[in-house]
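The chain contents come next:
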Amino acid sequence: MTKSFTQARDDSKAYENVSAGERPTFHEIRALGAWLYEQQGFAQEYIQGLMGHADVKMTEHYQAGHGDDAVVYMKVKADLKV
């Protein structure tokens, strides 16, 4: 799945201005999703089920590193004309 995601991400050309090593990976996006569920107040057991983890420690591992002091986010707009 990781290879397919990487291929689809690169085919979309959404990150062609970002070096290959800096582009988001499948697992980074998956981890961000788990963290966002946590921020919205979902129970850890619920998130663990979504992630398919047998152990809550693995879910917590995925959620780590997304706090304000760990990642610098930039607000952007799609700027698409539909």
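The structure reproduced in this document is the subject of the present report. Just so it is clear, the structure is predicted and the values come from calculations on it, not from any experiment.

With that settled, the discussion passes to the nonpolar core. The biggest cluster of nonpolar side chains holds 5 residues, and these are Ala31, Ala34, Ile47, Met51 and Tyr62. Elements with a contribution of two residues or more to this core: α2 (26–39) and α3 (44–51). Those residues within four positions of Tyr62 in sequence are excluded, and the remaining contacts are His27, Arg30, Ala31, Met51 and His53.

A full pass over the atoms with the stated rule returns 4 aromatic pairs. Plain terms: the ring middles of Tyr37 and Phe42 are 4.9 Å apart, the flat faces sit at 75 degrees to each other, and that makes the pair edge-to-face. Owing to a relative accessible area of 37%, Phe42 belongs among the partly exposed residues under this scheme. Chaining the aromatic ring pairs together yields one cluster made of Tyr37, Phe42 and Tyr46.

Structurally, Thr25 can be placed in the loop between α1 (2–12) and α2. With 22 residues separating them along the chain, Thr25 and Lys3 place their C-alpha atoms 9.7 Å apart. Thr25 has contacts with Phe5 and Arg9, leaving out every residue within four places of it along the chain.

Axis separation between α2 and α3 bottoms out at 10 Å; the angle between their running directions is 155 degrees. Overall, the two elements α2 and α3 adopt an arrangement that is roughly antiparallel. For the crossing formed where α2 meets α3, the hand is right-handed. Residues Arg30, Ala34, Tyr37 and Glu38 of α2 form the contact with α3, whose participating residues are Gln44, Tyr46, Ile47, Leu50 and Met51. Counted by class, the contact of α2 with α3 contains 6 nonpolar, 1 polar and 2 charged residues.

This next bit is on the pattern of salt bridges. Think of it this way: side chains of opposite charge can pair up when their charged atoms draw near. As enumerated under the stated definition, the model contains 2 salt bridges in all. A salt bridge links Asp10 to Arg9; the nearest nitrogen and oxygen atoms lie 3.0 Å apart. Overall, the relative accessible area of 29% leaves Asp10 in the partly exposed class. Residue class for Arg9 comes out buried when judged on its relative accessible area of 10%. Among the salt bridges present, the one from Arg23 reaches Asp10, with a minimum N-O distance of 3.1 Å. Taken together, the residues span a long stretch of sequence, with Arg23 in the loop between α1 and α2 and Asp10 in helix α1 at a distance of 13 residues. A single salt-bridge network, built from bridges that share partners, covers Arg9, Asp10 and Arg23.

Basis of the calculations
Residues numbered from 1 in each chain as written. Predicted model: local features only at pLDDT ≥ 70, side-chain atom pairs only at ≥ 80, totals over all residues. Heavy atoms only, no water. Core = buried A, V, L, I, M, F, W, Y, C linked by side-chain atoms within 4.5 Å. Buried < 20%, exposed > 50% of the residue type's maximum accessible area, 1.4 Å probe, protein only. Helix = DSSP H or I, 4+ residues; strand = E, 2+ residues; numbered from the N terminus. Contact = heavy atoms within 4.5 Å. Phe/Tyr/Trp six-rings, centres within 6.5 Å; stacked < 30°, edge-to-face > 60°. Axes fitted to C-alpha atoms, helices over the stretch in contact; angles between N-to-C directions. Parallel < 35°, antiparallel > 145°, perpendicular 65-115°, else oblique. Left-handed = near helix turned anticlockwise from the far one by under 90°. Nonpolar A, V, L, I, M, F, W, Y, C, P; charged D, E, K, R; others polar. Salt bridge = Lys/Arg side-chain N within 4 Å of Asp/Glu carboxyl O.

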